[in-house]
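A look at the structure
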There are 2 protein chains.
Amino acid sequence: MAPQEATKPPEWAAPCPHERTDTTCAGCKVRGVSICAALDASELGALEAIAEDVHYDARETILLQDDAADAVYNVTQGTVRLYKLLPDGRRQIVGFLLPGDFMGLALSDRYPFSADAVEPVAACRFARGAFSSLVDEKPHLLRRLHEAATHELSLAQDHMVLLGRRTADEKVAAFLLGMRERWRRLGGSLVIILLPMTRQDIADYLGLTLETVSRTISKFARSRMLLVVPDGVRFLDPARIEALAGH
Amino acid sequence: MAPQEATKPPEWAAPCPHERTDTTCAGCKVRGVSICAALDASELGALEAIAEDVHYDARETILLQDDAADAVYNVTQGTVRLYKLLPDGRRQIVGFLLPGDFMGLALSDRYPFSADAVEPVAACRFARGAFSSLVDEKPHLLRRLHEAATHELSLAQDHMVLLGRRTADEKVAAFLLGMRERWRRLGGSLVIILLPMTRQDIADYLGLTLETVSRTISKFARSRMLLVVPDGVRFLDPARIEALAGH
DNA sequence: CGTCAGCTTGACTCATCTCAACTAGGGTGG
DNA sequence: CCACCCTAGTTGAGATGAGTCAAGCTGACG
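Residues numbered from 1 in each chain as written. Chains lettered and ligands numbered in written order. Predicted model: local features only at pLDDT ≥ 70, side-chain atom pairs only at ≥ 80, totals over all residues. Heavy atoms only, no water.

**Some thoughts on the pairing of strand β7 (residues 114–117) of chain A**
Residues and elements named next belong to chain A. Note the cut-off: Under the scheme applied here, a residue whose accessible area is under 20% of the maximum for its type counts as buried, over 50% as exposed, and between as partly exposed, the area being computed with a 1.4 Å probe on protein chains only. Secondary structure is summarised from DSSP: a helix means a run of H or I of at least four residues, a strand means a run of E of at least two, and numbering begins at the N terminus for each. Should DSSP find at least two bridges between two strands, the strands are regarded as paired.
Neither face of β7 is left uncovered, since the one carrying S114 and D116 and the one carrying A115 and A117 both have all their residues buried. Where strand β2 (residues 61–63) and β7 come together, two bridges link them in antiparallel fashion. In the sheet register, T61 faces β7, and the bridge partner there is D116. Relative to β7, strand β4 (residues 80–85) runs antiparallel, the two being bridged by four bridges. In the sheet register, R81 faces β7, and the bridge partner there is D116.

Encoded structure:
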């Protein structure tokens, strides 16, 4: 993150994602769920030295597929969508990043996908060269990175099953449960599922159209499994949603 | 593989995948395209010490999803399918392994997928504990493993695009081109594409039914893009197949 | 208070699936 | 050696889940 400003913003500014009262790694809210958890206190200093605090507005582009990958990121606030486009404009979202998630695991020359902010986003930005050197010095950081990569790979394979072999109802149910689980790990509710992304985003993630997503959620609401609320849904009968998702 | 018998098999047995005349890493045909390429001559000795030569018949199960992951493998001959099953029997193949491919990148406690031999398979089997220790000792082996994992992840994301956003024609065309590229790297032909897997396997890889795969290939043959030959297809007009796949 | 993006809903279409019949090759045992 | 079977593949006819096209609703924002 960017070095702490000399003058702190007032307390009331805290909810604004473009301000933070504490920009040190040690005080980072998402450290426990991030790559950074692999480092001890002294190593955090080395990490902090190469970190830059960056912010994006809703719908702002963070990076583009095939661009030179000169940085990796750790999301600290907000939601990011990662996607690939086909030449004719069809889009597949390959993942959503929530606070604590790392972007750029591959440490490759070019970004393999594009990324933009679904809602206002804050992130730690690490120059690739410096980060790569740090990884070379700390084998257990590499180990952690590798664990994160293989975990991602496993999620990707689960998502292949969903895309290739599940019906629209199953896809939507599994998506909602997946979001519940991810928010839960960040201290969220088991009942209110926040959905900062649009129906089109969900559709492009699930391999459906936005109309099918909308109809499916409406159908779930009609059969009293959930309630559509502002910015998300509220589960009324989680068991039936779990049954639909095949969990 | 099982330790080499004291009496070597005669030369004429060489084509049989259950016999090898040279079972050292140094003489391994797939070393150049494998994880093992990360190791120098002396390190190969350490690897060889924990390797076991194993063989599987066509359709034999190699490992099962959720079983304790007590070994990792490097395929040296034949083709392996990796898949996940839904409780009702629907199957998604998450990948095919060809000679040189590594299975068990995750180094996790349980296998995240099942694997079986599409055709007779030979592989190097490494006990997980021993392999993991070796990785701990050799950071550049871990680096190589991480590169392999992120490469896999990138392929998985490409496959998500295919599963979520491509038509049957595009899926089949992209699959055939992908197999051509993989065989090419192993010294295969640019014109004859070997397809050791069944139509059902291809369908479960592409998120289609076997009938749709068969019809699509027949359609390509009818429009003179390719010829169906025993064990595969022969490209007649690769440019049109590439155009279909959007490449 | 008009505009616009996001969302919902309806009517109809169509790509792919389902069900079913048939063919071809390979292996086995009488 | 051939009759049988079994697996894999092909093809057709009809069904259907999800897509397309279109209209209208709603809430946020200038």
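Still more to cover.
**Observations concerning the interface of chain B and chain A**
Cut-off, in case you're wondering: The contact rule is simple, with two residues in contact once any of their heavy atoms fall within 4.5 Å. Summed over both partners, buried area is the accessible surface (1.4 Å probe) that two parts give up on being assembled. When a carboxyl oxygen of Asp or Glu is within 4 Å of a side-chain nitrogen of Lys or Arg, the pair counts as a salt bridge. Here a polar contact is taken to be a pair of N or O atoms separated by no more than 3.5 Å, where protein atoms must pair a possible hydrogen donor with a possible acceptor and residues adjacent in sequence count only if both atoms sit in side chains.
Contacts between chain B and chain A engage 40 residues on the former and 40 residues on the latter. Carbon and sulfur atoms make up 61% of the area that chain B and chain A hide from each other, which totals about 3600 Å². Between the two partners, chain B and chain A, sit eight salt bridges. Notably, a salt bridge pairs A:R143 with B:D136, separated by 3.0 Å at the nearest N-O pair. Remark: the boundary between chain B and chain A carries 20 residue pairs in polar contact (both at pLDDT 80 or more). Those elements giving two or more residues to the side of chain B that touches chain A turn out to be β5 (91–97), α2 (128–137), α3 (139–165) and α5 (199–206) of chain B. In terms of residue count, α3(B) provides more of the side of chain B that touches chain A than any other element does, 19 residues in total.

**Focus: the protein's contact with DNA strand D**
In plain terms, the rule: Think of it this way: one heavy atom of a residue within 4 Å of a molecule or strand is enough to make that residue near it. Three categories are distinguished: nonpolar for Ala, Val, Leu, Ile, Met, Phe, Trp, Tyr, Cys and Pro, charged for Asp, Glu, Lys and Arg, and polar for the others, with Gly belonging to the last.
For DNA strand D, the set of nearby residues contains 16 residues, the closest of which are A:T212, A:R215, B:R199, B:R215 and B:S218. Put simply, 59% of the atoms of DNA strand D that lie within 4 Å of the protein are in sugar or phosphate. Here a base nitrogen of DNA strand D and a side-chain polar atom of A:E211 are 3.1 Å apart. At 2.8 Å from a phosphate oxygen of DNA strand D is found a side-chain nitrogen or oxygen belonging to B:S214. Counting residues per element, the surface near DNA strand D draws most heavily on helix α6 (residues 210–222) of chain B, which supplies five residues. Taken together, the residues that form the surface near DNA strand D break down as four nonpolar, seven polar and five charged.

**Here's the deal with the protein's contact with DNA strand C**
Around DNA strand C there are 15 residues in total, and A:S214, A:R215, A:S218, B:T212 and B:R215 lie nearest to it. With respect to DNA strand C, the backbone of B:A168 contributes an N or O atom lying 2.9 Å from a phosphate oxygen. For DNA strand C, a base nitrogen lies 3.0 Å from a polar atom in the side chain of B:E211. When residues of the surface near DNA strand C are traced back to their parent elements, those giving at least two are α6 (210–222) of chain A together with α6 of chain B. Ranked by residue count, the leading element in the surface near DNA strand C is α6(A), at five residues. Here the residues of the surface near DNA strand C are counted per class, giving three nonpolar, seven polar and five charged.

**Considering the sheet that holds strand β9 (residues 192–194) of chain B**
Residues and elements named next belong to chain B. What counts is decided by this rule: Note on geometry: axes are lines fitted to C-alpha atoms, helical ones only across the stretch in contact, with angles between N-to-C directions running from 0 to 180 degrees.
Pairing is antiparallel in the open sheet, where three strands are placed in the order β9-β11-β10. This sheet does not close on itself; its edge strands, each paired only once, are β9 and β10 (226–229). Pairwise comparison of adjacent strand axes, ignoring direction, gives a mean angle of 25 degrees for this sheet. By the bridge criterion, three bridges tie β9 to strand β11 (residues 232–235) in an arrangement that is antiparallel. Within β11, the residue paired with L194 across the bridge is G232. In the packing of helix α4 (residues 168–185) onto the sheet, the strands contacted are β9, β10 and β11, and the crossing angle to β9 comes to about 95 degrees. Against the sheet, α6 makes contact with β10 and β11, and its axis sits at roughly 125 degrees relative to β10, the strand it touches most.

**Focus on helix α2 (residues 128–137) of chain A**
All names here are of chain A. Let me state the cut-off plainly: Directions are taken from the helix axis to each C-beta atom, and the arc is the one they span.
Listed in full, the buried residues belonging to α2 are F131, S132, L134 and V135. Buried positions in α2, seen along its axis, are confined to an arc of 160 degrees and lie on one side of it. Of the exposed residues in α2, the ones pointing more than 90 degrees away from its buried face are D136 and E137.

**With respect to the sheet that holds strand β7 (residues 114–117) of chain B**
Residue and element names in this part refer to chain B. What the four strands build is an open sheet, ordered β2-β7-β4-β5; its pairing is antiparallel. Strand pairing shows two members of the sheet lacking a second neighbour, β2 (61–63) and β5, which therefore form its edges. Shown here is a sheet whose adjacent strand axes are inclined to one another by a mean of 30 degrees, direction ignored. Sheet strands in contact with α5 are β4 (80–85) and β5, and its direction is about 105 degrees off that of β5.

**Digging into the domain arrangement of chain A**
Residues and elements named next belong to chain A. Note the following rule: Bear in mind that the domain bounds are from an automatic or database domain assignment.
Assigned domains within chain A: domain 1 (4–162) and domain 2 (167–245). Computed over C-alpha atoms, the centres of domain 1 and domain 2 are 25 Å apart. Residue-level contacts link 17 residues of domain 1 with 15 residues of domain 2. A combined buried area of about 1400 Å² lies between domain 1 and domain 2, and 63% of that area is made up of carbon and sulfur atoms. Considering only the side of domain 1, the residues that lose the most area to domain 2 are F96, L98 and L162, jointly responsible for 43% of the buried surface there. Between domain 1 and domain 2 we count four salt bridges in total. Summed over the shared surface of domain 1 and domain 2, the result is nine residue pairs in polar contact (both at pLDDT 80 or more). Those elements that provide at least two residues to the side of domain 1 that touches domain 2 are β5 (91–97) and α3 (139–165). Tallying contributions element by element places β5 first for the side of domain 1 that touches domain 2, with seven residues.

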